[in-house]
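As a plain string of letters, each chain reads:
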Amino acid sequence: MVLDKKKSIQEIVQDIEQNNIAVAVEKIRQKAATSCQLPTTWLLKTADAIETENWSILSESFVNMDFIGEDGYFLIVAPYQINRKRKKNVCLSAIYGQIHQNDEPSIEQLENLVLEKFGTQREAIPINLSFTEIASCGNVRGEAGEAFIVPNGWSFTQGASGPALNNAKEQQQRFFGSSYQCIRTVFESETANLLLAPLVDEINSQRYRHIDTQVHEAGHGSGLGLDFKIKQNLLPNYSYSGVEEWRADSLGFEFAACLLPSEEAGKLIAVNFCIRFGLDAHRAGGIEKDVDVYASLISLEHLFQNDAIYVTQNGQMALRNLSYSGLLQAVELHRSKALSLTRRELNLKSLTGIFSLYNIDIHPSTQSVFQGLIRERCQGIWTELQ
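First, a word on scope: everything that follows refers to the structure included in this document. (Residues numbered from 1 in each chain as written. Predicted model: local features only at pLDDT ≥ 70, side-chain atom pairs only at ≥ 80, totals over all residues. Heavy atoms only, no water.)

Describing the overall build of the protein
Scanning the protein for helices and strands turns up 17 helices and seven strands. Relative to its length of 386 residues, the protein is compact, with a C-alpha radius of gyration of 21 Å against a globular reference of 21 Å. Along the three orthogonal principal directions, the C-alpha set of the protein runs to about 65 × 50 × 40 Å. For the protein, restricting intrachain contacts to residue pairs at least 6 apart in sequence, the fraction spanning at least 24 positions comes to 73%. For the protein, the exposed surface amounts to about 16,500 Å²; the carbon and sulfur share of it is 45%. Side chains of the protein carry 35 positive and 46 negative charges; the gap between the two charge centres is 4 Å. (Helix = DSSP H or I, 4+ residues; strand = E, 2+ residues; numbered from the N terminus. Rg over C-alpha atoms; globule rule 2.2 N^0.38 Å. Contact = heavy atoms within 4.5 Å. Areas by Shrake-Rupley, 256 points an atom, 1.4 Å probe, with all protein chains shown as cover. Lys, Arg positive; Asp, Glu negative; His and termini not counted. Charge placed at Lys NZ, Arg CZ, Asp CG, Glu CD.)

In structure tokens, the structure reads:
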């Protein structure tokens, strides 16, 4: 019976993918009348939104997370925007999956930390929902689109907030398909083993990935807040957005250090490095176009400045302190600079001052190492895998 329910909803996603829109709408209305797995009101609103192209119908229910049904199952159908090589791509997309029950760290814990560090909280901390994908199409299809589905990518948010959706299945596939090999190529063996261990931990890997993304979202919610910056056009290009991503990473490290034992916090940093240097650093746009590539470059710059990493005679990178508490020490400069940057942006007299704050110098040697020993060295892997 459960398999039959899943199959029928998978067919809706397939209809969307094949542009059988009228058929999909009819099936969604049928599901609203018969399914106890998905919320009836959400399904009816979805059908109306598709027919009228008035996507704002879905906004309030999404923000309130009323799209999640029995046992965590959900179906979202709407246009979703991704950015590749500074170009926007929007298409009707659909994602069907099941939300995991992850509740650490709590939003309340993170809110208290934000208040403690900065004395104010301008924006609500975005909630990260980790899920297992069952079916998808369009710009949220795992292998071709986004594994981390940000709320402002949906056409119905229109400046409103809402949960971020983290595709655990796709994240794992990307890790074992590309990040794993790239990390072993870029870093010498002992450093690579240290970085990879939390992600090959069958019991805890999903938990580590979830906490990493949730503290990252808390970083975005700190200071002026990501939504505010987007609305005020304070992140007009890839470099400013890259600094914002690095800032969120680094504040996430700070929050993890406050919430977890140093060993556990260090494992979250290992997860972050596997994503940034094993995956994001290799995106096609490169350091002059792609937000995540630029964020990875900034992270490497601070590792060198903190003397936490060096290049071996074999041209691989290695950590000076091979321990998880050592990883926490390796990002001390990340944390202190991000804390200072965030406090300064809160004290700006004019919002345009953020353009000066978000201008981070990258040493030419760092850029050379990043381009030659990370990106170019892994080109063969990525050509083979992509």
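Next comes the rest of the write-up.
A few points about the pairing of strand β5 (residues 164–167)
Residues A164 and N166 line one face of β5 and the alternating positions L165 and N167 line the opposite face, and both faces are buried. One ladder, built from four bridges, connects strand β3 (residues 128–137) with β5; its direction is parallel. Bridged to F131 within β5 is N167. Judged from the two bridges that link them, strand β4 (residues 148–149) and β5 form a sheet pairing that is antiparallel. Note that in β5 the partner of F148 across the bridge is N166. (Buried < 20%, exposed > 50% of the residue type's maximum accessible area, 1.4 Å probe, protein only. Pairing = 2+ DSSP bridges.)

Some words on the environment of L348
Within the element layout of this structure, L348 appears in the loop between α14 (332–346) and α15 (354–357). Residues L348 and V23 lie 325 residues apart in sequence; the distance between their C-alpha atoms is 53 Å. L348 has contacts with G353, I354 and L357, leaving out every residue within four places of it along the chain.

Structural notes on the packing of aromatic side chains
For the structure on display, the rule yields 14 aromatic pairs. A ring pair is formed by F62 and F156, whose centres lie 4.9 Å apart and whose planes are at 65°; its orientation type is edge-to-face. In this pair, F62 is assigned in helix α4 (residues 59–63) and F156 in the loop between β4 and β5, connecting sequence segments 94 residues apart. Under the relative-accessibility criterion, F62 is labelled buried at 0%. Among the residues examined, F156 registers a relative accessible area of 1% and is labelled buried. With a centroid separation of 5.9 Å and an interplanar angle of 80°, the aromatic rings of F67 and F74 are classed as edge-to-face. Residue F67 shares its accessibility class with F74, and that shared class is buried. Among the aromatic residues, those joined into a ring-pair cluster are W42, F62, F67, F74, Y80, F131, W154 and F156. Between K267 and the ring centre of Y324, over which it is positioned, the NZ or CZ distance is 5.6 Å. (Phe/Tyr/Trp six-rings, centres within 6.5 Å; stacked < 30°, edge-to-face > 60°. Lys NZ or Arg CZ within 6 Å of the ring centre and 35° of its normal.)

Structural notes on the pattern of salt bridges
A complete count under the given rule lists 19 salt bridges for this structure. A salt bridge links K229 to E244; the shortest N-O distance between them is 2.7 Å. Separated by 15 residues along the polypeptide, K229 in helix α9 (residues 226–231) and E244 in helix α10 (residues 238–259) bring together distant segments of the chain. As far as the burial class goes, K229 and E244 line up, both buried. A salt bridge links E254 to R335; the nearest nitrogen and oxygen atoms lie 2.8 Å apart. Of this pair, E254 sits in helix α10 while R335 sits in helix α14, placing them 81 residues apart in sequence. Take E254 and R335: they sit in the same class, and that class is buried. (Salt bridge = Lys/Arg side-chain N within 4 Å of Asp/Glu carboxyl O.)

Digging into the nonpolar core
Grouped together as the largest cluster of nonpolar side chains are 72 residues, with contacts concentrated most on F187, L195, F255, F273 and L327. Non-local contacts of L327, meaning those with residues more than four positions away in its chain, are made with L194, L195, G266, I269, A270, F273 and L319. With 39 residues, the next largest nonpolar core counts V13, W55, L58 and L75 among its residues. (Core = buried A, V, L, I, M, F, W, Y, C linked by side-chain atoms within 4.5 Å.)

Side note on the state of the cysteines
Taken as a whole and judged by the stated rule, the model has zero disulfides. Its sulfur unpaired, C137 is 7.5 Å from the next cysteine sulfur, which belongs to C91. With relative accessibility at 1%, the residue C137 sits in the buried group. Sulfur of C182: no disulfide; nearest cysteine sulfur belongs to C378 and is 3.6 Å away. (Disulfide = S-S within 2.5 Å.)

Here we look at helix α5 (residues 107–118)
Between its terminal C-alpha atoms α5 stretches 16 Å, which fits the 16 Å expected from twelve residues at 1.5 Å a residue. Packed against the buried residues of α5 are α8 (205–221), α10 and α14. (Expected span 1.5 Å × (residues − 1).)

Notes on the side chain of K117
Mapping K117 onto the fold places it in helix α5. Accessibility expressed as a relative area gives 16% for K117, which makes it buried. In this structure K117 touches E254, F255, C258, L339 and R343, once residues within four positions along its chain are discounted.

Section: helix α12 (residues 291–305)
Between its first and last C-alpha, α12 extends 21 Å over 15 residues, near the 21 Å set by a 1.5 Å rise per residue. Of all 15 residues in α12, twelve are buried; the element is thus mostly enclosed. Between the side-chain oxygen at the start of α12 and the backbone nitrogen of D292 there is a gap of 2.9 Å, and the oxygen is on D290. Of the residues flanking the end of α12, it is D307, one or two places downstream, whose phi is positive at about 55°. (Polar contact = N/O pair within 3.5 Å; in protein donor to acceptor, adjacent residues only side chain to side chain.)

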